[in-house]
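Listed here are the chains, written in short residue letters.
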Amino acid sequence: MALLPQILHSPHPHPRLAAAASPSPSRAFPRAPCLHASAPRRGRGRLAAAAGASGSGPGPSSPEPYPAESDDGLVELPLFPLPLVLFPDATHALHIFELRYRIMMHTVLQTDLRFGIVFAGSGGSAADVGCVGEVVKHERLADDRFFLICKGQQRFRVARVVRTKPYLVAAVQWLEDRPPAEPPAPGEDAEALAADVEALMRDVIRIANRLNGKPEKEVGDLRRGLFPTPFSFYVGNTFEGAPREQQALLELEDTAARLRRERDTLRNTLNYLTAASAVKDAFPSSPSSG
């Protein structure tokens, strides 16, 4: 079955930030959810057992700052397992209310405002690759809960778990996309693939608008001058209904490979929507009889 990413109808550099700031039901994305801050307790993966071992019992009254860098050059980050994928330059609105993560937020706000978000699905396993979230806006409530907006920064891979209480901290190494080992085939370089992906996004938006009964209008500039790598992250962020596909895109270290995978997904989506549009044209809804 074709994946159906939620494509932005009117491009905005930070769609979730716009959603968090505006309660209007007509926005392109739904309101960013208030997410439970509980870590997975069971499952496979390097982080699964450690995340579960952190527990939700009382922690220290004042947080201990985490070191910026360990002896082997790895950076230590507090980790927040969540059922979502954060991409570089994307934003998420979060509601922090579990004790261990309220403690974590105190540490984050007292240091460099950064923490790592790693995807944790329903099975409980936490991914080894995540993205740094930087707190760009926060509100602390009277009962010590937090509302915050974080923006994605650099990607990382977990090298080892440093501690599990009162919350999970890991030593991580940064991830960057690698240049291609060989010259790409004609039409398969990152710039050409980005152009193909943008064209497919335009078609998907156009047909989706038609299916939803929205007026035909010109789709604006989706690239907004972005280079292929940040554009590939922007596209992956629009696949909001498919977090495991988003995680696979986040883990790729090749911009062209990421864009090719997004191109395939968008082609599948376009085929699905085209078929649905044809069915709608062939069997239009009958007018109400009163």
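If you're wondering where the values come from, they're calculated on a predicted model, not measured in any experiment. (Residues numbered from 1 in each chain as written. Predicted model: local features only at pLDDT ≥ 70, side-chain atom pairs only at ≥ 80, totals over all residues. Heavy atoms only, no water.)

Asks: Lay out the packing of aromatic side chains with the relevant residues and their values.
Replies: In this structure the tally under the stated criterion is 4 aromatic pairs. Look at Phe80 and Tyr101: their rings are 4.5 Å apart centre to centre, the planes differ by 15°, and that puts the pair in the stacked class. In this pair, Phe80 is assigned in strand 1 (residues 75-82) and Tyr101 in helix 3 (residues 99-110), connecting sequence segments 21 residues apart. A residue is classified by how much of its surface remains accessible, and Phe80, at 0% relative accessible area, is buried. (Phe/Tyr/Trp six-rings, centres within 6.5 Å; stacked < 30°, edge-to-face > 60°. Helix = DSSP H or I, 4+ residues; strand = E, 2+ residues; numbered from the N terminus. Buried < 20%, exposed > 50% of the residue type's maximum accessible area, 1.4 Å probe, protein only.)

Asks: Which residues make up unusual backbone geometry, and what values do they have?
Replies: Here the bond from Lys165 into Pro166 is cis, since omega is 0°, no more than 30 degrees from zero. Checked against the element boundaries, Pro166 lands in the loop between strand 5 (146-163) and strand 6 (169-175). Of note, Asp89 is a non-glycine position whose phi angle comes to about 75°, a positive value. Structurally, Asp89 is set in the loop between strand 1 and strand 2 (91-96).

Asks: Please provide a residue-by-residue account of the nonpolar core, values included.
Replies: Counting 49 residues, the largest nonpolar core has Leu94 and Phe115 as the members making the most contacts within it. With 9 residues, helix 4 (residues 190-211) is the largest single contributor of residues to this core. Shared between two domains, this core holds at least three residues of each, these being domain 1 (75-174) and domain 2 (190-280). Of all hydrophobic cores here, the second largest spans 12 residues; its members include Leu77, Val118, Phe156 and Val172. (Core = buried A, V, L, I, M, F, W, Y, C linked by side-chain atoms within 4.5 Å. Domains from an automatic or database assignment.)

Asks: So, helix 7 (residues 255-282): which residues are in play, and what are the values?
Replies: Relative to the 40 Å expected for 28 residues at 1.5 Å per residue, helix 7 spans 40 Å between its end C-alpha atoms, a close match to the ideal helical length. Inspection of helix 7 places Thr255, Ala256, Arg258, Leu259, Glu262, Arg263, Thr265, Leu266, Thr269, Leu270, Leu273 and Ser277 among the buried residues, and these make up the whole buried set. Packing partners of the buried residues in helix 7 comprise strand 5, helix 4, helix 5 (228-237) and helix 6 (243-251). Capping of helix 7 at its N-terminal end is provided by Asp254; its side-chain oxygen lies 2.9 Å from the backbone amide nitrogen of Ala256. (Expected span 1.5 Å × (residues − 1). Contact = heavy atoms within 4.5 Å. Polar contact = N/O pair within 3.5 Å; in protein donor to acceptor, adjacent residues only side chain to side chain.)

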